[in-house]
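One letter stands for each residue in the lines below.
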Amino acid sequence: KTVTWYQDKIAHLIKQGVGAIKCDFGEAAPYDGLYASGKTGFYEHNLYPLRYNKALWEAVKANSPEQEGVIWARSAWAGSQRYPLHWGGDAATNEVGSVGMMGDLRGGLSFGLSGFSFWSHDMGGFEMTAAPDVYKRWLQFGLLSTHSRLHGSKSYRVPWLFDEEAVDVCRKFTKLKLRLLPYLYSMAVKSHKTGIPSMRAMIMEFNDDPATKYLDMQYMLGDSILVAPIFNKEGHAEYYLPAGKWTHLLSGEVKEGGRWYEEDYDFFSLPVFVRENTLLPIGAVDTTVDYELEKDVQIQVYEVNETASCEVVTRKGETAFTVKAVREGNKLTLEASAENGGMTYLLRNIHEIADVTGGSIVKDTENGIIIVPEGCRQEIEL
């Protein structure tokens, strides 16, 4: 009866137009409480957040227009992955600088290794108010996560209350995330189908590389993008790239993997690299999350030396089409499973090609050559 009463209250809010509900606490179920089973909290304590997540998730989903929903839960137990998503709780900020951000990353990677597909954190931390430099670095980390939220105590976390540069950083990485949505959404679909987390520890993706066993300061955002957040005022980054060629997503710089790097970055960049043999779907819109992911999508082609593929999905999680790339010597073949009138290819860091059939070169940009396909198959002589 209590669960039904609670779900009725939630239903009223969702029908008003509320998009998500924060499923706070849950871990604070009292040990001396008497539960419906007749047992005390000593026995029921771990099950409580699971039931709490479930009750809220069901109420949100049942009363949302398209039977979809998301919650923002602080506590969990085995099985709570069915009711996404969860966040890292009340991270510290000002007294300990970016240590709270480190804790969120380490805890999140552990969470993913425990069977949870989605996790997030409060950008800027929760307790007190972060210094502007910590806030701006946390913006980078948070907007290169699957889900992003500005939240905290004692102050509003809007960027213009920190400084003008924070506004610019927030804008830049928000627009980047919006354009990454076709890729992020395809990874979310994969997580739903396989249980592999969208934000994952390096050891999950490179388990044959002994150097990745203890990496807890960087992560893979999906299959193809490596992110190494920066945790110091100086902007100094130390990160490891596994074997292969890696292309910086923002600058286009190519680095050889199998080694460590040390570099300094301003607030408008950080180590964010795309691995070789990647087809990265990039959206055409950077002003809203509410757009057709497959429309006018650009497939960015990164260092294909064997085969590569990607799936472009709709907002309903259905496959719109797939793309495959095969490299044989100087010949690169691109083939889509269906025609998409607005789709283009961007050959990253390639500025000269000998010939192309099944498509036309639009222009050579700073990032590489853009090709408009004519039909589903293109053959490119490099």
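About the cut-offs
- Residues numbered from 1 in each chain as written.
- Predicted model: local features only at pLDDT ≥ 70, side-chain atom pairs only at ≥ 80, totals over all residues.
- Heavy atoms only, no water.
- Pairing = 2+ DSSP bridges.
- Helix = DSSP H or I, 4+ residues; strand = E, 2+ residues; numbered from the N terminus.
- Salt bridge = Lys/Arg side-chain N within 4 Å of Asp/Glu carboxyl O.
- Buried < 20%, exposed > 50% of the residue type's maximum accessible area, 1.4 Å probe, protein only.
- Contact = heavy atoms within 4.5 Å.
- Axes fitted to C-alpha atoms, helices over the stretch in contact; angles between N-to-C directions.
- Expected span 1.5 Å × (residues − 1).
- Parallel < 35°, antiparallel > 145°, perpendicular 65-115°, else oblique.
- Left-handed = near helix turned anticlockwise from the far one by under 90°.
- Polar contact = N/O pair within 3.5 Å; in protein donor to acceptor, adjacent residues only side chain to side chain.
- Phe/Tyr/Trp six-rings, centres within 6.5 Å; stacked < 30°, edge-to-face > 60°.
- Lys NZ or Arg CZ within 6 Å of the ring centre and 35° of its normal.

Enquirer: Could you clarify how one ought to interpret the sheet that holds strand β7 (residues 199–200) in this entry?
Expert: Two modes of strand pairing occur in sheets, parallel and antiparallel, and in both the strands are linked by backbone hydrogen bonds. Taken together, the 6 strands give an open sheet; going across it, the order is β7-β8-β9-β14-β11-β12, and neighbouring strands pair in antiparallel fashion. Edge positions in the sheet fall to β7 and β12 (254–256), since each of these pairs with one other strand and no more. The pairing of β7 with strand β8 (residues 219–221) spans 2 bridges and is classified as antiparallel. Bridge pairing in β8 places Met199 opposite Leu221.

Enquirer: Sorry, what's going on with the pattern of salt bridges here?
Expert: Two side chains bearing opposite charge may form a pair once their charged atoms approach each other closely. Under the criterion given, the structure shown has 23 salt bridges. Linking Arg377 and Glu335 is a salt bridge whose minimum nitrogen-to-oxygen distance equals 3.1 Å. Of the two residues, Arg377 sits in strand β24 (residues 377–381) while Glu335 sits in strand β19 (residues 331–336), which places them 42 residues apart along the sequence. By relative accessible area, which is 42% here, Arg377 ends up partly exposed. Put simply, Lys22, Asp24, Glu27, Arg74 and Asp90 are held in one network by salt bridges that share partners.

Enquirer: How do you make sense of the environment of Gly152 when you look at a structure like this?
Expert: On the secondary structure map, Gly152 appears in the loop between β6 (149–150) and α6 (164–179). Separated by 23 residues in sequence, Gly152 and Thr129 place their C-alpha atoms 7.6 Å apart. Apart from the residues lying within four places of it in its own chain, the contact partners of Gly152 are Gly125, Phe126 and Arg157.

Enquirer: Which parts of the structure should I look at to understand the sheet that holds β24?
Expert: Pairing is antiparallel in the open sheet, where 5 strands are placed in the order β17-β18-β19-β24-β21. Two strands lie at the open edges of the sheet, namely β17 (307–313) and β21 (355–357), each paired on one side alone. On average, each strand axis in the sheet is inclined to that of its neighbour by 15°, with strand direction left out of account. Note that β17 and strand β18 (residues 319–328) share 7 bridges and pair antiparallel. By the bridge assignment, Ser309 is partnered in β18 with Lys324.

Enquirer: Where do I start with helix α7 (residues 181–194) in this structure?
Expert: In an α-helix, one turn spans 3.6 residues, which is why side chains three or four residues apart end up on the same side. An ideal rise of 1.5 Å per residue puts 20 Å on 14 residues; α7 measures up with 19 Å between its terminal C-alpha atoms. Listed as buried for α7 are Leu181, Pro182, Tyr183, Leu184, Ser186, Met187, Ala188, Val189 and Ser191. Lining the buried residues of α7 we find α6, β7, β8, β9 (225–227), β15 (278–282) and β17. The first or second residue beyond α7 is Gly195, which carries a positive phi of 85°.

Enquirer: How do you make sense of the packing of helix α1 (residues 2–16) against helix α3 (residues 47–63) when you look at a structure like this?
Expert: In helix packing, the relevant descriptors are the interaxial angle and the interaxial distance, both defined with respect to the helix axes. With their axes 9 Å apart at the nearest point, α1 and α3 run at an angle of 40° to one another. Classified by the interaxial angle, the pair formed by α1 and α3 is oblique. Helix-helix and strand crossings are classified by hand; for α1 and α3 the assignment is right-handed. Within the contact between the two elements, α1 uses Val3, Tyr6, Gln7, Ile10, Ala11, Ile14 and Lys15 and α3 uses Tyr52, Ala55, Leu56, Glu58, Ala59, Val60 and Asn63.

Enquirer: What is the right way to read the side chain of Lys255 from this model?
Expert: Locating Lys255 in the fold gives a position in strand β12. Engagement of the side chain of Lys255 in a polar contact is seen with the side chain of Glu253, the distance being 3.2 Å. Among residues more than four places away in sequence, those in contact with Lys255 are Tyr239, Leu241, Gly244, Lys245, Trp246, Tyr261, Glu263 and Phe273.

Enquirer: Before we go on, may I ask you to explain the packing of aromatic side chains in this structure?
Expert: For the structure on display, the rule yields 11 aromatic pairs. A centroid spacing of 5.7 Å and a plane angle of 20° characterise the contact between Tyr239 and Tyr261, whose relative ring orientation is stacked. On the criterion of sequence distance, the pair formed by Tyr239 in strand β10 (residues 236–241) and Tyr261 in strand β13 (residues 259–264) is long-range, its members being 22 residues apart. Using a relative accessible area of 0% as the deciding quantity, one classes Tyr239 as buried. A relative accessible area of 10% means that Tyr261 is categorised as buried. An aromatic cluster of three or more residues is present, and its members are Tyr6, Tyr35, Tyr48 and Tyr52. Positioned above the aromatic ring of Phe267 is the side chain of Lys136, whose terminal nitrogen or guanidinium carbon lies 4.5 Å from the ring centre.

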